[in-house]
Amino acid sequence: MSRPRKSPDASPPAPPRRYGISGPISEDQPSEDQLILTEQLIKTLATCDAFVDDLELRRRENAVEQLESLFKEWLTEICKELNIPDHVTEKVGGKIFTFGSRHLGVDSKGDDVDALCVGPRFIQRNDFFTSFFEKLRVQKEVKDIRTIQSTCVPVITMSYEGIKIDLLFASVDRNSIPQNLDLSNSLLKNSSVTCIRSLNGYRVTEEILRSVPNVQSFKLVLRAIKLWAKRRNIYSSMLGFLGGVSWAILVARICQVYPNATASTLVNKFFKVYSMWKWPVPIELKRPEDYNMNLPVWDSRINPSDRCHVMPIITPTYPQQNTAFNVSLSTLAVWMEEIQWGLAVTQDIQENKADWLELFQEPDFLNKYQCKIWAEACRVDLRSRVNV
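An unreviewed UniProt entry annotates the protein as Poly(A) polymerase of Gasterosteus aculeatus aculeatus. Taken verbatim from the UniProt record of the protein, the Catalytic activity (unreviewed entry) comment is "RNA(n) + ATP = RNA(n)-3'-adenine ribonucleotide + diphosphate". UniProt, in the comment section headed Function (unreviewed entry), describes the protein in these words: "Polymerase that creates the 3'-poly(A) tail of mRNA's."

Dropping the structure here:
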């Protein structure tokens, strides 16, 4: 019997999508033991209050919706003050985008909500931080409101019905802002550097989600790493460690090179890969893109100042920036020490010699640093005796 002939129109199946700037390290499928360890990880994270319950999530969503309603109302008021034509005022719209942990779907109890207010081209930044600030300040739901404009990304911080919210602002080159607005690269044109920085909070978050092969595994691993980092006191860009976006990029890169691994394996691989990483080799989720807008981008080959960065973790959207510019040699050394500790614990977990709770234990500060404290105390005592 002859074999059936293939249709001439049949096309070969599309090759599997590759993620990241290099091929995967391993494409192994998870074993039964690894799936069991992942279930145990989920239960442990729940025990440690790493998840936000549905009621709290709804409260946060309601807060953002109410703020967006106030923002749209304010935009209409500004249009009337500026004598903008009625046909423009009626369609001015307005949109608030959440980003960071909220948009990634990994927010935990006590996390701030990061939100971006996007307005049309004729809205001035100063109006947002004066006129809209005053509108917010008189709302009974708003407490502890203040503006911080001295940073590279100005922000209004507040508590709205008990939920901490950071509000950013950007205007884009449009007369109206629809609900389905796409914050693509084309909207960067004719925008100020400050607006572009504000826009990139959301754009980076979106690109991270597009850069991982399994979003659910990514979220679970990021929750675990966030909890570990907070418990070990190394979750803070202000203190010279890493902030939320840096941790997200680090986790996303591990997901790229182990595309089929389950969360328990990815947590272990996170510590293993970064324990061997040769900093300052940068972490990148995709090849840099240049849209010829003459915006400053991180590039150690061209910019001498970028060569001083000890831990480059690069954003995946244009203009690329190092999210870990605050890290110093001393904080990097502490970070590496904690990574080595995490590797040892997760190796034991993989071998059923420890459980996940051990990974999330807080350090014994006095025991860890008692020698240093004792030496410093002796030095102070010696100085006092000499002065006498």
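Now, onward.
**Looking at the UniProt feature "binding site: ATP" (unreviewed entry) in the protein**
Cross-referencing UniProt, the feature "binding site: ATP" (unreviewed entry) maps to F99, G100, S101, D112, V113, D114, D166, K226, Y235, G244 and V245 in the present numbering. Locating F99 in the fold gives a position in strand 1 (residues 95–99). A relative accessible area of 10% places F99 in the buried class. Beyond its immediate stretch of four places on either side in the chain, F99 contacts D114, A115, L116, L168, G201, Y202 and T205. The residue K226 is located in helix 7 (residues 215–231) in this model. Ignoring anything within four residues of it in the chain, the contact list for K226 reads S101, V106, D107, S108, D111 and Y235. Within the structure, the side chain of K226 is placed 3.0 Å from the side chain of D111, a separation counted as a polar contact.

**Let's talk about the side chain of T98**
Summarising the element assignment, T98 is placed in strand 1. Beyond its immediate chain neighbours, meaning those up to four positions away, T98 contacts V64, H103, V113, D114, A115 and Y202.

**A word on the pairing of strand 5 (residues 163–171)**
In terms of burial, strand 5 is largely enclosed, as eight of its nine residues are buried. Pairing analysis gives seven bridges linking strand 2 (residues 113–119) to strand 5, with the strands arranged parallel. Following the sheet pairing, V118 is matched in strand 5 by A170. With five bridges joining them, strand 4 (residues 155–160) and strand 5 adopt antiparallel strand pairing. Counterpart to T157 in the pairing with strand 5 is D166. Between strand 4 and the antiparallel strand that follows it, strand 5, lie two residues; E161 among them carries a positive phi value of about 50 degrees.

**Focus on the pairing of strand 3 (residues 142–148)**
With five bridges joining them, strand 3 and strand 4 adopt antiparallel strand pairing. If you follow T147 over to strand 4, its bridge partner there is I156. Following strand 3, the chain reverses through six residues before pairing antiparallel with strand 4.

**Comments concerning the packing of helix 1 (residues 32–47) against helix 9 (residues 263–275)**
Close contact between helix 1 and helix 9 brings their axes to 7 Å; oriented N to C, the two are set at 85 degrees. Our classification of the angle between helix 1 and helix 9 gives roughly perpendicular. For the pair helix 1 and helix 9, contact is made by Q34, L37, T38 and L41 and by A263, S264, T265 and V267, respectively. Residues of the contact of helix 1 with helix 9, tallied by class, amount to four nonpolar, four polar and no charged.

**Digging into helix 5 (residues 125–137)**
Counted at 1.5 Å a residue, the expected span for helix 5 with its 13 residues is 18 Å, and the 17 Å between its end C-alpha atoms agrees. All of the buried residues along helix 5 are R125, F128, F129, F132, F133, K135 and L136.

**Looking at the sheet that holds strand 4**
The strands making up a sheet associate through backbone hydrogen bonding, with each pair oriented either parallel or antiparallel. Strands sit in the order 1-2-5-4-3 across an open sheet of five strands; the sheet is mixed. Every other strand in the sheet has two partners, leaving strand 1 and strand 3 as the edge strands with one partner each. Pairs of neighbouring strands in the sheet enclose a mean axial angle of 25 degrees, with direction left out of account. Two strands pair when backbone bridges link them, and strand 1 and strand 2 are joined in this way by five bridges, in the antiparallel orientation. Along strand 2, the bridge assignment pairs I96 with C117.

Definitions and limits used
- Residues numbered from 1 in each chain as written.
- Predicted model: local features only at pLDDT ≥ 70, side-chain atom pairs only at ≥ 80, totals over all residues.
- Heavy atoms only, no water.
- UniProt positions renumbered as here; feature names shortened; annotations may be inferred.
- Helix = DSSP H or I, 4+ residues; strand = E, 2+ residues; numbered from the N terminus.
- Buried < 20%, exposed > 50% of the residue type's maximum accessible area, 1.4 Å probe, protein only.
- Contact = heavy atoms within 4.5 Å.
- Polar contact = N/O pair within 3.5 Å; in protein donor to acceptor, adjacent residues only side chain to side chain.
- Pairing = 2+ DSSP bridges.
- Axes fitted to C-alpha atoms, helices over the stretch in contact; angles between N-to-C directions.
- Parallel < 35°, antiparallel > 145°, perpendicular 65-115°, else oblique.
- Nonpolar A, V, L, I, M, F, W, Y, C, P; charged D, E, K, R; others polar.
- Expected span 1.5 Å × (residues − 1).

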